[in-house]
Each structure stands twice: as structure tokens, then as C-alpha cells.
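Letter by letter, the chains look like this.
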Amino acid sequence: MAKQYETVIGLEVHVELATKTKIFCGCSTAFGGAPNTHACPVCTGMPGALPVLNKKALEYAVAVGLAMNCEITRYCKFDRKNYFYPDNPQNYQISQLYLPICRNGSVEIETKEGKKQVGVHEIHMEEDAGKLLHGENGQESFGMEGLGEGNCSLVDYNRSGVPLIEIVSEPDMRNAQEVIAYLEKLRMILQYLGASDCKLQEGSMRVDVNLSVREAGVAQLGTRTEMKNLNSFRAIARAIEGERKRQIERMEAGQEVVQETRRWDDGKGESYAMRGKEDAQDYRYFPDPDLAPVAIGEEWLKGIRAAQPELRTERMARYRQAYGLPDYDLEIITGTKRIADFFEETVRLCGQPKKVSNWLMVETFRLLKEHGMEPEEIRFSPANLAKLIRMTDQREINGTVAKAVFEVMFEKDIDPETYVEEMGLKTVNDEGTLRRAVEEALAANPKSVEDYYKGKEKAVGFLVGQTMKAMKGKADPGMVNRLVKEML
Amino acid sequence: MSALELARRIKAKEVSVAEAAQAVLERIEEKEELYHCYITVEPEAVRRQAKELQKRIDNGEFTGPLAGVPLAVKDNLCTKGMRTTCASGMLGNFVPFYSAEAVRNVEKAGMLLVGKTNMDEFAMGSTTETSAYGVTRNPWNPERVPGGSSGGSAAAVAAGECFAALGSDTGGSIRQPAAYCGVVGMKPTYGTVSRYGLVAYGSSLDQVGPICKDVADCAALLEAIASYDEKDSTSLRRENTDFASALKEDVQGLRIGVPRDYFGAWLDGEVKTAVRKAAETLQEKGALVEEFDLGLAEYGVAAYYTIAAAEASSNLERFDGIKYGFRAEGYEGLHDMYKKSRSEGFGAEVKRRIMLGTFVLSSGYYDAYYLKALKVKALMKKAFEKAFARYEVILGPVAPATAPKFGESLADPLQMYLSDIYTISVNLAGLPAISLPCGKDSKGLPVGLQLIGDCFQEKTLLRAAYTYEKARGDFGLPKEAAEREGGSHGETI
């Protein structure tokens, strides 16, 4: 019988914090921007420049720690991690080794197998590095005069000094489903806190997977590898499956699993070794003498706790109570902070929770899926959705027209009132006009009228449809229905 | 003429800033070839700035006690638009686009920047011999070193090549050259002067301070550079930084402790005599002088060189040939570029300390060296706390001997490190201390007196130093020394 194996997974998740300025200087953290335009003496490692901690970064890190049930370290200090690389302008990274800001937390995840606690070993703060651009043999001049002669690399320090937290989990996960559930939970918490936008593609959330395999029932952990370059949840799941398989194959072939860092190539669906344990650098960590330690006071901590925004579960409970929405709706509406915020604002404007929920759950998600978009990319405003709902409520437009208008609104962010006015889409509910239209429909379809008198009730529907068609869909369907029956 | 006296005359329109600048430039022209106090002087720029400064003084923009005074700045303080080399080949082409906060403060005080002074490379050394730009000679005797690392600043003040100067002190780098050159130097409480723009050597120990002709100038210049700076998180918000107000001849009842362990076997006999005489002078003026045991002095040297080297090894990593400064030619790949640039760009003493610092931070050695050094630092702080519970001022020598000849110190680095024994504990404990001349040895070389105060007690130090200076009488400048030796070096304006 084939042996049973258990996979043991722990994650290191780097998250860019959503501060407006960098962690140790006043430069902007905005993504993009011409190279080295968000840079200053501090984040380019100029001689004599000194770091000063951005309080907001500390606030976010503590808020994340509190949301993940961590102990908060009351004496916040930083250490230097020394290593030479051109994207690291000081050739040391300011990080936290000896006293991470948060420790010993946990988050609850839910998979098909049920609920489970995943331990959070620690959360520490650090600065991001810059970005290298490599040119080869003069092929690349980076659009700059005089460059591109021979081999050439350039460095952009815009990202250097962007605040990061590294969330290190305990090795508590056993499969890809749990890992994805954990990451989704993390993302939810971070987004609800406003601490990060967690975009894997833009690198504002980076995941390293530590994975080992052991025979079922064995207590001791196997040798682990660390997997890097995982740019989507799909890649993470595939890498976990791939690495599990690779390690089991080695074990079954009687080979040892080597402790090493591997790089995932999602295109090829395989990984290769980057560096082994023996290549591990001595980072010579020591306390950064440039940063005076910050003592975290009870009052300050209380302030952070009090200002802690509602997380998902709290928001679900509130919506359930205030709006009486069914659980199914609540799950979807609070699934991302963006949709929840959108929902709340629209309800505030038009006061129709169930209708707002329906528009978001059905039409919005259908169109997002069709366009391959994320909720963060929604262009139309809550105000315009509120207008659309009000117009249908007041029977200014009928349902079919509303859906058509919504599609335009989704794509072009138009004002539905102006659009309906300009396109002449308002529902016709003038009795005289409608009577004339019904008369014409009856006259044009004598066969159907005859059918009706023979007892075929269905003919009514056909005649209503013909009238609506003649009215280009803009007639009030209720009125047309009544008039057809009356006039037959 | 003191800096304050010059400023008074400028204010009274007896002298113009341009005349003062011209006098200094002429002096530099005359003496630089011999003394070599400066790495960079741009005479035309100085003349132009002197004229501009005069206008602004006339407009009433600068009314402070040092407005118009020509000042020299140690070359490890960044000066916007002016080359800042740290006396290293590594930064030979480095022109900062920002000024150190201390430099901005002297500009706000209306002072005139004359040039950048020579120093030991990256402030690592006690003789200014490790500079990549040649040695500086002691104006009292050109065969001897001016001390270091702020040797250029101290020598420039002594030689009259400026009216005052800024230095930096990590383990005695202001006080020891001030002692060797017979001028007054002060290291303020850690955090008093912003370190922003001071190219770091040992970040937890570095402090910018004044080097001047007398105690009053020193108080005025310290007042000008002291400031809270939000760009430096180790900078302190201090009150009572009106240091000039402390200049009173009054030590009546002042409790002065003299550590017995500072007068041990390695202290030169003539230095011992001069320092003891200074203690007696203060006693005669009404101070209560008492001997006591401070302890730990010999451990200080080891702790200091461990901590300073550790921090330096990391601080100097940024000099890699990538972003600015020196890059070697003919390298193959990144690793080789780092290796060649740093091997060729740094001098021997800097490399020695980088290696030492790298070693003490390495895994497996961290606890035994770096952590242990931090413990010694904490003990040292405690020893001083205990002493300051009894005394307001601690009095002792600055250095074990007067200025050595060239080559004597560098030949034995350990001996050179040991010569910092009286100054480094002050940096480890973050205390203020002042160095001022208290006599000359039989060779005619100045001897330095060191007064150490508790944190934030610069005023007490200045009062004691001022009282001693008045009692001592005019110390004079190298002119007399030169004449006595029958030489022709040096004269004063």
C-alpha cells in the first residue's frame, strides 16, 4: 500500500502598508511614477541622511496585529540587516529581528473541512528595496540618452523605503485550500483595516511558501523548502501541489529533501533551486543606532484599539440587524471591503438595502466577471446606482430599460438621469398614448384577437408584447397589460 | 582676535565681512602649504558670499553674536554644492545636494563658510594622518600631528586660518585635537546637535561640536548649532540652550571630582603636573576638589572600539561605487565591482575598522563582543551616574601625552587606540565635555584639560571652564611657541 503523506505549510507574507509616505522619510509611496522621482537622501542612502519612523506605519502594523489577536511589543525598535545589493541603497535593510512589533497571534480560517485556527508567529516591520532594470548588450537604453552601451543596469529607488510588514505564520496549514483560505482572510483583514490594498500583481502582497512533507503519523517535521515568485493565488496553489509532489518523489526515491530556496516558474509549472542553506548569508543583525526606540504607551494603544475599523464579521452582523439581509447576500456583499463600502454608501443615499444588494450581487458581479475586473476597479458611483434604483422605484423606467442603462453606466460611468432623458428612455404612462398603441396592436393582429375570444388566454401576452414592441420597450408594462384586457 | 570680538567689530562697522574674509584667505594663502588644514577652499566663492552676507547683516537679517564670522567646517559635514570628502578617496567627487543641519544652523547665525577641513578618513584616527589628502601639521610644531580626527579644524583655529570651526567627536575627535593644538573644543550631550548630514562613523557616539579660540566663542558657537531636528530621531528637545549666559567667573562651592584612575602609569608626567595645577587653580577659586575612583576606564577602550567599529562597518556599507563616489575601473560583474571599489576607495585604517566591526557582528561572535561591549557601555553610564551624584564636574586630562610626531601613533594602532582612554568613556555615556589648554610641556606643546559634566550640564562646564580660563590668563597662539623654538612658523592676526 502506498504511504500516506502529510504536507506542512507555513507562510511568510510581505504586505506593503497603505501609508502616503515612506517608512523612514517623507517621499511618496505612490505606485509607478518616473524612476527616482519619489526619492530623497534618506531612501537613496546618501551620506549623512538619517531615518525617522513614520508613525502611521507603526499604527497600521499595530492595528493589523490587534486584528490578528497578537501581543503587541511595547518597546518598538529596529535592527539593521546587512547585505550588499544595488537595490538596497544603504546595503543594509532596516527591519526588526530582536523585537518584532507583534507576536503570538492567530486567525480563523474556514474551508470545506470546517473552521481552523492558524497561528501567527510574528509580524515585523521593515523597508522595501528599490527595483533593478537590466539591459543586455546595448539592447536596452531605457529611453535615456547615452545609456545602453554594453551591459547596463539601472536602479529605481521609488519603491525603496516603502513600509512593509512581514506576517510569519506558524506551520499550521496542511494543503493549498487552507493556504488560500488563510491568504484570503489576511487580505480581508488588511483591506478592511485600510492597512494595505494587497495587490499580488503590483507586488503590494508577496507570499513565500515554506513547505515540508512527512509520513502520516510522524511527529517530527520534514526538511522544508522556501518557494518564492508566487504572483497569484492560482500560482500559489499550483506551486504547493508541485512542491508536495516533488518532495514525495524524492523521498520515495530514497533521496533527501534539501533545505533551499526555490523559485516558481508558473509558465512551466515547475520550480528550480535559487540558493541552498550553505549559501545563507550572515546578515550581522544589530540594533539600528539611528532610530531611537519608541515606547508604546497604554493610551496610544487604546487609541488604536478604539479607532480600529469594523472588520468583516462585525459588518455582517450590523447589516443583518439593520437591513435584515439574508446570509447569502451578506456573504457576498461583505466579501470585499470595496463592495461593502459601496453597498453602504448606496443604501445611505437611496435606502433600499435589498435592491442595492441585488444590483451588486447580480448585475455588478456578472459584468465584473465578463470584463475580468476586480471590485476595486468599479468606475460608477454609489450616487448613480442610487439614482437608477430611485428611477425604477418611481416607475420612471421599467426593469428592462434599467438593466440596459446599468450596463452603460458600468462601462462609461454616465449619470443615469441625464442618459435616460437624452436617450428618451422614460416609461410612457400616458393613458391616451397607450390606448392608441393598444388599439393599433389589436387592429394589426386580428388573428390573436380571435384566438382570445376562442379562449386562448396566451394571446393577451402576445398582444401586450406587440404593444411594448411598438412603444420601443418604454411603456409601463402594468398599464399596457390592463389596457389590453379592458379593450379586448 | 576672538570670533565674538570680530562679530562685535563687524556689527559696529569697524570691520567688514569682506575684510575679515580677505584676512582669513590671505592667512590661508600664506600658511596652507605648511599646515594643510583644509581639503577644500574656494576663495572666489568665499569673497562673493562675504559681500552677500554683509548686505544681509546691514539689512538686519543677522543680528546674532557670530554674524559675519569666517568658520571652517570639518569635511564630514555635508555642505550643499560643496565637495564633502570625509578625507576619503571614496568620496573625492561627492558634492551633496543638501547641507547638514549643523551647517544650516551656522548659516542661520550669519556665519561665513570658509572651507572644509582635513580629518582622519571617515573620522577614524587620532592624528589626521589617515586622510587621503595628506597630513595636517600642528601649528605649535609642524613636526607634530594636530591630533584627530578633527585635526584640520583644530589646526585651522590655532593657525588663524579661520575664527572658529566645527568638528565631530565620536571618541574624542574634537577634544583631543583641541588639546594638541591649544584651543577650546567641546563635545555636547548626545542629541544636542542634529547628526543629519554628518557622515556617520559610530552613530550612537557621534556628536557635532565647536572648536574655538576661547571658552566664550565655544559657548556662542554651541548655542548656534544646538537645535532639535525632526530629521534626526536621536535629536533631543532641550531647553536652556542659551549657553553664553553661563559665562560667569564663579566656581564657589562647585563640587569637582578628580578620578584617581585617570592619573595612572600611562599618563605623561608633565601632563599630570599641568592638569593637577589646573585643579588647584579651580580650588583656589572656591571649588571643592576631591579625588575619587571612577573605575572601568581600561574597559572603555575595548568597548568603544567594538561598538564604534560595529556601527562603522554597517554605516560605511553604502559606499559601494553604485550611487555616488568612487568606482574602480576594470571590474567583472557586481561582486568584483564592490570588492575593487571598496578595496581601492578606502584607506588602511578604515578597512581595519570595517573588518573589526564585521567580525564582532558576525553570528557566533555577536554575544561575545558586541553584546558584551554594550554591557560595558551600560556599566560605564552607571559609574558616571554614581560619580555625578557626588560631583558636578569631573576633571582630568584629555590625552595621556602631548602631540606626538608623525608616524609614531599609526605604527602601533593599539597604542593609538589606548591614547583615547580619557575621552571615549564620555561618548559611551553620552555626556558633555570640554577641552581647554592648561599649560605647555617642556617641548612647548599645549596640554589639554578636560572637564566632564552630567547630561545636559553644559552650562556648568562652561562656567567652570570660563572661570579657569580667566584665572589661567591668556594662553596665546602658536606665535610664541614658534619664536621660543627659534622657528618661523605661525603668527596671529
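Our subject is the structure that appears above.
### Some details on the overall build of chain B
Helices and strands together make up the secondary structure of chain B, namely 16 helices and 11 strands. The C-alpha atoms of chain B give a radius of gyration of 21 Å, which matches the 23 Å a tight globule of 493 residues would have. Burial analysis of chain B (493 residues in total) assigns 64% to the buried set. For chain B, the accessible surface area stands at approximately 17600 Å², while carbon and sulfur atoms represent 50% of it. Of the charged side chains in chain B, 58 are positive and 65 negative; the average position of the first set lies 3 Å away from that of the second.

### Some words on the sheet that holds strand S11 (residues 446-453) of chain B
Within a sheet, each strand pairs with its neighbour through backbone hydrogen bonds, oriented either parallel or antiparallel. Residue and element names in this part refer to chain B. The 11 strands lie next to each other as S1-S3-S2-S4-S6-S5-S10-S11-S9-S7-S8, forming an open sheet whose pairing is mixed. The open sheet has two edge strands with one neighbour each: strand S1 (38-41) and strand S8 (288-292). Neighbour-to-neighbour, the strand axes of this sheet turn through a mean angle of 30°, independent of strand direction. By the bridge criterion, 5 bridges tie strand S2 (residues 70-74) to strand S3 (residues 112-117) in an arrangement that is parallel.

### Description of the environment of B:Met82
Residue and element names in this part refer to chain B. Along the chain, Met 82 falls in the loop between S2 and helix H4 (101-108). Through-space distance from the C-alpha of Met 82 to that of Ser 99 is 9.2 Å; in sequence the pair is 17 residues apart. In contact with Met 82, other than residues within four places in its own chain, are Thr 40, Glu 42, Val 95, Pro 96, Leu 113, Gly 115 and Lys 116.

### Remarks on the nonpolar core
The biggest cluster of nonpolar side chains holds 266 residues, and the ones touching the most others in it are A:Ile167, A:Tyr182, A:Ile236 and B:Phe122. Counting residues per element, this core draws most heavily on helix H2 (residues 176-193) of chain A, at 12 residues. In contact with A:Tyr182, other than residues within four places in its own chain, are A:Leu11, A:Val107, A:Ile109, A:Val118, A:Val120, A:Ile167, A:Ser169 and A:Met173. Counting 16 residues, the second largest nonpolar core, distinct from the first, contains A:Leu434, A:Leu442, A:Val464 and A:Met479.

### Notes on the sheet that holds strand S4 (residues 79-82) of chain A
Read from one edge to the other, the open sheet built from 3 strands follows the order S5-S4-S15 (chain A), with strand pairing classed as antiparallel. Pairing within the sheet leaves two strands with one partner each, and these edge strands are strand S5 (92-95) and strand S15 (286-287) of chain A. Pairing of S4(A) with S5(A) involves 4 bridges; the strand directions are antiparallel. Following the sheet pairing, A:Lys81 is matched in S5(A) by A:Gln93. Across the sheet, helix H9 (residues 297-315) of chain B touches S4, S5 and S15 of chain A, and the angle it forms with S4(A) is around 60°.

### A word on the interface of chain B and chain A
Taken together, the contacts link 38 residues of chain B with 31 residues of chain A. Summing the contributions of chain B and of chain A, the shared interface buries around 2800 Å²; its carbon and sulfur component is 58%. Inspection of the chain B/chain A interface yields 2 salt bridges. A salt bridge links A:Arg284 to B:Glu317; the shortest N-O distance between them is 3.2 Å. For the side of chain B that touches chain A, the elements supplying multiple residues, two or more each, are H9, helix H10 (333-345) and helix H11 (348-361) of chain B. The residue makeup of the side of chain B that touches chain A, split by class, is 17 nonpolar, 11 polar and 10 charged.

### Remarks on helix H5 (residues 312-323) of chain A
All names here are of chain A. Taking 1.5 Å of rise per residue, 12 residues should cover 16 Å, and H5 covers 16 Å from first to last C-alpha, within 8% of that figure. Among the residues of H5, Arg 315, Met 316 and Tyr 319 are the ones counted as buried. Down the axis of H5, the buried set is contained in an arc of 105°. They therefore lie on one face. Exposed residues pointing more than 90 degrees away from the buried face of H5 are listed as Thr 313 and Gln 321.

### Details of helix H10 (residues 399-412) of chain A
Residue and element names in this part refer to chain A. An ideal rise of 1.5 Å per residue puts 20 Å on 14 residues; H10 measures up with 20 Å between its terminal C-alpha atoms. Among all positions of H10, only Val 401, Ala 402, Val 405, Phe 406, Met 409 and Phe 410 are buried. Where H10 is buried, its residues touch helix H8 (353-371), helix H9 (382-393) and helix H11 (416-423). Asp 413 sits one or two residues past H10 and shows a positive phi near 55°.

### Section: the pattern of salt bridges
Residue and element names in this part refer to chain A. Going through the model one piece at a time under the given rule, you end up with 72 salt bridges over all chains. Close ionic contact of Lys 77 with Asp 79 constitutes a salt bridge, the shortest N to O distance being 3.9 Å. Here Lys 77 and Asp 79 have matching classes, each one buried. Between Arg 312 and Glu 331 there is a salt bridge, with the nearest N and O atoms lying 3.4 Å from each other. Here Arg 312, found in helix H5, pairs with Glu 331, found in helix H6 (residues 327-333); they are 19 residues apart in sequence, far enough to count as distant.

### Comments concerning a nonpolar patch on the surface
Residues B:Phe359, B:Tyr365 and B:Tyr369 make up a contiguous nonpolar surface patch of about 280 Å² in total accessible area. Mapped onto the elements, B:Tyr365 comes out in the loop between H11 and helix H12 (367-390).

### Section: the side chain of A:Ser357
Residue and element names in this part refer to chain A. Positionally, Ser 357 belongs in helix H8. The class for Ser 357 is buried, based on a relative accessible area of 0%. Residues within four places of Ser 357 in sequence aside, it is in contact with Leu 325, Asp 329, Ile 333 and Phe 343.

### Section: the layout of surface pockets
Residues and elements named next belong to chain A. The calculated volume of the second largest pocket comes to roughly 1600 Å³. Glu 184, Lys 185, Met 188, Arg 312 and Gly 335 are, among the 47 residues lining the second largest pocket, the residues nearest its centre. Of all the secondary-structure elements, those providing two or more residues to the lining of the second largest pocket are strand S6 (102-111), H2, H5, H6 and H8. Ranked by the residues each element gives to the lining of the second largest pocket, the list is headed by H2, at 10 residues. Classifying every residue of the lining of the second largest pocket gives 21 nonpolar, 10 polar and 16 charged.

Reading guide: rules and limits
All residue numbers refer to position in the chain's written sequence, counted from 1. By the order in which they are written, chains take letters starting at A while ligands take numbers starting at 1. For a predicted model such as this one, the threshold for reporting local features is a pLDDT of at least 70, and the threshold for listing and counting side-chain atom pairs is 80 or more; totals across whole chains, interfaces and linings nevertheless cover every residue. Only hydrogens and water are set aside; all other atoms, that is, all heavy atoms of the structure, feed into the side-chain values. Numbering of helices and strands runs from the N terminus, with a helix taken as a DSSP run of H or I at least four residues long and a strand as a DSSP run of E at least two residues long. As defined in this context, the radius of gyration uses C-alpha atoms, and a globule is described by 2.2 Å times the residue total to the power 0.38. Under the scheme applied here, a residue whose accessible area is under 20% of the maximum for its type counts as buried, over 50% as exposed, and between as partly exposed, the area being computed with a 1.4 Å probe on protein chains only. Only the protein chains shown count as cover for residues, with accessible areas throughout obtained via the Shrake-Rupley method and a probe of 1.4 Å. Lys and Arg are tallied as positive, Asp and Glu as negative. Neither His nor the chain termini are counted. Lys charges are placed at NZ, Arg charges at CZ, Asp charges at CG and Glu charges at CD. Being paired, for any two strands, means DSSP has found at least two bridges between them. Interaxial angle, 0 to 180 degrees, is taken between N-to-C directions of lines fitted to C-alpha atoms, where a helix line uses only the stretch in contact. Two residues qualify as a contact provided that any one of their heavy atoms is within 4.5 Å of a heavy atom in the partner residue. By nonpolar core we mean a set of buried residues, namely Ala, Val, Leu, Ile, Met, Phe, Trp, Tyr and Cys, connected to one another through side-chain atoms within 4.5 Å. Values labelled buried area give the accessible surface lost by two parts on being combined, using a 1.4 Å probe and summing over both. Whenever Lys or Arg places a side-chain nitrogen within 4 Å of a carboxyl oxygen from Asp or Glu, that contact is recorded as a salt bridge. Polar here means any residue outside two lists: the nonpolar Ala, Val, Leu, Ile, Met, Phe, Trp, Tyr, Cys and Pro, and the charged Asp, Glu, Lys and Arg; Gly therefore counts as polar. Take the number of residues in a helix, subtract one, and multiply by 1.5 Å to get its expected span. Think of the arc as the fan of directions from the helix axis to the C-beta atoms. In this scheme, patches are assembled from residues that exceed 30% relative accessible area and form no salt bridge. Like charges are connected within 9 Å, while nonpolar side chains (Val, Leu, Ile, Met, Phe, Trp, Tyr) are connected within 5 Å. The pocket and cavity definitions rest on a 1 Å grid over protein atoms only: a 1.4 Å probe that fits but cannot leave marks a cavity, an open set with protein on both sides within 12 Å along at least five of seven lines marks a pocket, and residues lining either have an atom within 4 Å of a point. Grid points are joined across faces, edges and corners, and a volume is the space filled by probe spheres set on the points.

Shape is all these values report; function is a separate question.
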